[in-house]
Amino acid sequence: MTTQPSNIPGPTGNGTEPAQPDRRRFLGTATLVGLSGAGLSAGLVACGKETAETAGAAAEQLSHEVAPGQLDEYYGMYSGGHSGEVRIVGVPSGREIKRIPVFNPDPMSGWGQTNESKQILGTRPDGRVRYTTGDTHHVHGSYSDGTYDGKYFWVNDKIHSRLARIRGDTMECDAITELPNVQGFHGVFPDKRDPVDPALNRTSRVFCGSEFHIPQPNDGSNMEDASAYYALFTCVDSETMRVRWQCRVDGNMDLVATSFDGKLAASNQYNTEGGTVFAQMMSAERDACVFFNIERIEQAVRDGRFTKIKGSDVPVVDGTRAASADPATALTCYVPVPKNPHGVNASPDGLYFICAGKLSPTVTVIELSRVLDWFGGKLADPRDAVVAEPEIGLGPLHTAFDGRGNAYTTLFLDSQVVKWNIAAAIKAFGGDQTATVVLDRVDVHYQPGHTNASMSETREADGKWLVSGNKFSKDRYLPVGPLHPENEQLIDISGEKMRLAHEAPVWSEPHDFIIVRRDKVRTRQIYDLAEFPDATTDMTGSKIVRDGRRVTVHLTSVAPSFGLTEIRVRQGDEVTLILTNLDKIEDLTHGLAIPKYDINFIVHPQQTRSVTFTADLPGVYWYYCTHFCHALHLEMRGRLFVERA
Ligand code: CUK
Ligand code: CUA
Ligand code: CA
């Protein structure tokens, strides 16, 4: 029905006039057009305004410069969108330090090729990796005492509804769980403490919201009647990565936030209508933020008050509106918010969840104690949990915090980040005309989605740096063909006024990220051989073991040589090659490639990894080290002899 927005600016790089203040009214059907085509184009070109780069330069500015040899102060843990990966970007420098293959097979590391990674990724009956695509949006870290503990990071895959866990010590993926009964798994957030066991002051669950409502069971028996489709909120155990329970809701779910006391999780809903097409999803003036009463849900599961969906063993509790009509027994509470909200974020003081308006120029502040009051029968109307709804600009999407009572919300259409004060917004909502809600605006380039601030959604929000994750960089970097990078802009929020300090391109296409103080992360550089039962523990242990047509090659590496210089197998053998890197020196990683067999993977110091292949091509194949490790790295090779059958 519409054309795609052009990402190419006019000759001047500027476009039409920016949105006029009188357009900052509640958006009706105009926004439907606005988000779908022409209006978005207008929004896209409306962003070439004068920047506020020089505005508000305070005497004491933070320096974003990280001199050669110096380390960044923060780990930026970034999703990679439909690249399927996670990246680590130094903040404030913007330097990309690492890419973590997660849902994406990766030829450098051998992710998706080694037996160990295949086991995590899952395989088809023919041994190929089950899915080779993934769409990561939200990275969140595990918490202790309301702040990051560095143990784990989680990321979602929206395409196949999988949750992946990354070990904080090695920054490698160690577990992936495919969520049953859902599609469009989007929002993810760990609890910040265990709500049932007060002694356990740390993450023990990960909550997952799903956008798409589907037939249940989705087995082809009941596809046509969309009114019978529904979506489920899923709880995964943070340690075992098993699905604990699911909660049925009306409508869909988008993002997820959790309270600091562990009692509540919530997800914003843009499709309370249950629509299957765009126009239906926008038909209601209000959607909702649905709150989950975690203790009650888990009590219901313990009491056996659940059903199961055919083909799945996961307990499903009923959190529909009908089932939650009585606050005394309700598992969920639907707080109405303006239509099609995007994003829900928890303020670091633990008091509020904030939903951004997207199609409404507002942000909605929901007070958590009032939601608990509703569950306790002390608040009649869930809407009364809303304590502020300031109008801040066009296309609000995500909100970050500075720990000083201020919130920072991205405006997709206005290409701005807005700083506003939560307490002032509550006063204004209460009728105080003198309250100044919006404190500052800064133009960003262009069309921001996510934003986050250093330690934002933790009790240690420090209000130093804010990053605006801009969906379009347009004219900010050397043109590189049709697809431009995205643009991460660094904003100093330590003063009264925001100051745009720096920008860096990022390749497609991060959504969310968290900015974690570096002392929260404790990585290790050497693996422990004890983790690997198949390890060959000494240099003389390399050997070839034959069991019928199955051949196991136990191989070691110590720079600059492999433990064997010749490996002999017969055509048709099934060969498992187990490589143990006996080097103990930091960063002494070796690679192993076998030509024509399409094998390449790396092994870190004191780590073991294996590959299995059928030796179907006779001949001599030089296996060699692919990861530069030594002055004699090129000499680190040997011959694989595949004898004719
Ligand atoms: S969604 Cu991408 S900009 Cu997946 Cu967090 Cu809002
Ligand atoms: Cu070992 Cu290069
Ligand atoms: Ca809607």
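> Give me the sheet that holds strand β9 (residues 205–212): which residues, what numbers.
Adjacent strands of a sheet pair through backbone hydrogen bonds, lying either parallel or antiparallel. Taking strand neighbours across the sheet as the criterion, the five strands line up as β8-β9-β10-β11-β15 in an open arrangement whose pairing is mixed. Only two strands of the sheet have a single neighbouring strand rather than two, namely β8 (183–190) and β15 (316–318). Direction aside, the axes of adjacent strands within the sheet are offset by 25° on average. Bridge analysis of strand β11 (residues 243–249) against β15 gives three bridges, and the strand direction is parallel. Following the sheet pairing, Arg-248 is matched in β15 by Asp-318.

> Any chance you could break down the coordination of the calcium ion (ligand 3) for me, citing the residues and the numbers?
Each donor-metal-donor angle in an ideal tetrahedron of four donors is 109.5 degrees, and each such angle in an ideal octahedron of six donors is either 90 or 180 degrees. Bound to the calcium ion (ligand 3) are the protein donor atoms Tyr-270 (O), Glu-273 (OE), Glu-273 (OE), Met-281 (O), Asp-287 (OD), Asp-287 (OD) and Asn-340 (OD1), situated 2.3 to 2.8 Å from the metal. Sequence spacing of the donor residues for the calcium ion (ligand 3), all on one chain, is Y-x2-E-x7-M-x5-D-x52-N. What makes Glu-273 partly exposed here is its relative accessible area of 23%.

> An account of the pairing of strand β4 (residues 139–144) is needed here, citing residue identities and associated values.
For a regular strand, the rule is simple: side chains alternate between the two faces of the sheet. For β4, a buried count of five out of six residues is recorded, marking the element as mostly surrounded by other parts of the structure. In sequence, β4 turns back onto strand β5 (residues 147–157) through a hairpin of two residues, with Asp-145 there showing a positive phi of about 50°.

> Before we move on, could you go through the pattern of salt bridges and cite the residues and values that matter?
Using the criterion set out here, one finds 42 salt bridges in the structure. Between Asp-157 and Arg-162 there is a salt bridge, and its shortest N-O distance comes to 2.9 Å. Glu-298 is paired through a salt bridge with Arg-244; the nearest N and O atoms lie 3.6 Å apart. With a gap of 54 residues between them, Glu-298 in helix α5 (residues 294–302) and Arg-244 in strand β11 connect regions that are remote in the sequence.

> How would you summarise the nonpolar core if you had to cite specific residues and measurements?
Among the nonpolar cores identified, the biggest contains 44 residues, and Val-102, Phe-153, Phe-233, Trp-245 and Phe-292 are the most heavily contacted of them. Counting residues per element, this core draws most heavily on α5, at four residues. Dropping the residues within four chain positions of it, Phe-153 is found in contact with Met-77, Val-139, His-140, Gly-141, Ala-164, Arg-165, Ile-166, Gly-168, Met-171, Ile-514, Val-516 and Val-521. Judged by nonpolar contacts, the second largest core, of 28 residues, contains Val-553, Val-575, Met-636 and Val-642.

> Go over the state of the cysteines with me, naming the residues and quoting the values.
What the rule picks out here adds up to zero disulfides. Distance from the sulfur of Cys-173, which forms no disulfide, to the nearest cysteine sulfur (Cys-208) is 14 Å. Exposure remark for Cys-173: the relative accessible area of 6% places this residue in the buried category. A disulfide-free cysteine, Cys-208 has its sulfur positioned 7.9 Å from the sulfur of Cys-235, the nearest such atom.

> Which residues make up the site of ligand 1, and what values go with them?
Inspection of the region around ligand 1 gives His-137, His-138, His-186, Leu-255, His-342, His-398, Gly-449, His-450, Lys-471 and His-511 as its neighbouring residues. For the shell around ligand 1, the class distribution of residues is one nonpolar, eight polar and one charged.

> Give a description of the sheet that holds strand β13 (residues 264–269) that names residues and reports values.
Taking strand neighbours across the sheet as the criterion, the four strands line up as β12-β13-β14-β16 in an open arrangement whose pairing is antiparallel. Both outer strands of the open sheet, β12 (256–258) and β16 (332–338), are each paired with one neighbouring strand and no more. Neighbour-to-neighbour, the strand axes of the sheet open up by a mean angle of 25°, direction not taken into account. Here strand β14 (residues 286–293) pairs with β16 via seven bridges, running antiparallel. Pairing of Phe-291 across the sheet is with Cys-333, part of β16. Docked against the sheet, α5 engages β13 and β14, running at close to 60° with respect to β14.

> Could you give an account of helix α7 (residues 422–429), with specific residues and numbers?
Along α7, the residues classified as buried are Ile-422, Ala-424 and Ala-425. For α7, the angular spread of buried residues about the axis comes to 160°, placing them on one side. The secondary structure elements touched by the buried residues of α7 are β18 (352–356), β19 (363–367), β20 (386–388), β21 (396–401), β22 (406–411) and β23 (416–421). Sitting at the amino-terminal end of α7 is Asn-421, which places a side-chain oxygen 3.1 Å from the backbone nitrogen of Ala-423. Trailing α7 by a residue or two, Gly-431 shows a phi angle of about 110°, which is positive.

> So, the packing of aromatic side chains: which residues are in play, and what are the values?
In this structure the tally under the stated criterion is 14 aromatic pairs. A centroid spacing of 5.2 Å and a plane angle of 70° characterise the contact between Trp-374 and Phe-375, whose relative ring orientation is edge-to-face. A residue is classified by how much of its surface remains accessible, and Phe-375, at 3% relative accessible area, is buried. For the pair Tyr-597 and Tyr-621, a centre-to-centre distance of 5.3 Å together with 90° between the ring planes defines the contact as edge-to-face. One end of the pair, Tyr-597, is in the loop between β35 (590–594) and β36 (599–603); the other, Tyr-621, is in strand β38 (residues 619–624), with 24 residues separating them in the sequence. Across the pair, exposure class does not vary: Tyr-597 and Tyr-621 are buried alike.

> Any chance you could break down the pairing of strand β37 (residues 608–614) for me, citing the residues and the numbers?
Taken across its seven residues, β37 has five buried, putting it largely inside the fold. Sheet topology note: the strand β34 (residues 574–581)/β37 ladder contains seven bridges and is antiparallel. By the bridge assignment for β37, Leu-579 is matched with Arg-609.

The rules behind the values
Each chain has its residues counted from 1, running along the sequence as written. Chains and ligands are labelled sequentially in the order written, the chains with letters from A and the ligands with numbers from 1. Per-residue local features of the predicted model are confined to residues with pLDDT of at least 70, and side-chain atom pairs are confined, for both listing and counting, to 80 or more; whole-chain, interface and lining totals are unaffected and use all residues. Side-chain measures were taken over the full set of non-hydrogen atoms in the model, leaving aside hydrogen atoms and water. Two strands make a pair as long as DSSP finds a minimum of two bridges between them. What counts as a helix is a DSSP run of H or I of at least four residues, what counts as a strand is a run of E of at least two, and both are numbered from the N terminus. The angle between two axes is taken between their N-to-C directions and runs from 0 to 180 degrees, where each axis is a line fitted to C-alpha atoms and a helix contributes only its stretch in contact. The rule for donors is simple: an N, O or S atom within 2.8 Å of the metal counts, and for Na, K and Ca the reach is 3.2 Å. Water is not among the atoms, so a site may look short of donors. Think of it in three bands: with a 1.4 Å probe and only protein chains considered, a residue is buried below 20% of the maximum accessible area for its type, exposed above 50%, and partly exposed in between. Salt bridges are counted wherever a side-chain nitrogen of Lys or Arg sits within 4 Å of a carboxyl oxygen of Asp or Glu. Nonpolar cores are built from buried Ala, Val, Leu, Ile, Met, Phe, Trp, Tyr and Cys residues. Side-chain atoms within 4.5 Å join them into one set. Every residue pair with non-hydrogen atoms within 4.5 Å of one another is taken to be in contact. By convention in this document, the label disulfide applies to cysteine sulfur atom pairs within 2.5 Å. Nearness is defined per residue: one heavy atom within 4 Å of the molecule or strand is enough. Any residue outside Ala, Val, Leu, Ile, Met, Phe, Trp, Tyr, Cys, Pro, Asp, Glu, Lys and Arg is labelled polar, Gly included; the first ten of those are nonpolar and the last four are charged. To be clear, the arc concerns the directions from the helix axis to the C-beta atoms. Side-chain atoms alone can form a polar contact between residues adjacent in sequence; in general such a contact is a pair of N or O atoms within 3.5 Å, and within protein one must be able to donate a hydrogen while the other accepts it. Aromatic contacts are taken between Phe, Tyr and Trp rings whose centres are within 6.5 Å, Trp giving its six-membered ring; a plane angle under 30 degrees counts as stacked, one over 60 as edge-to-face, and the others as tilted.

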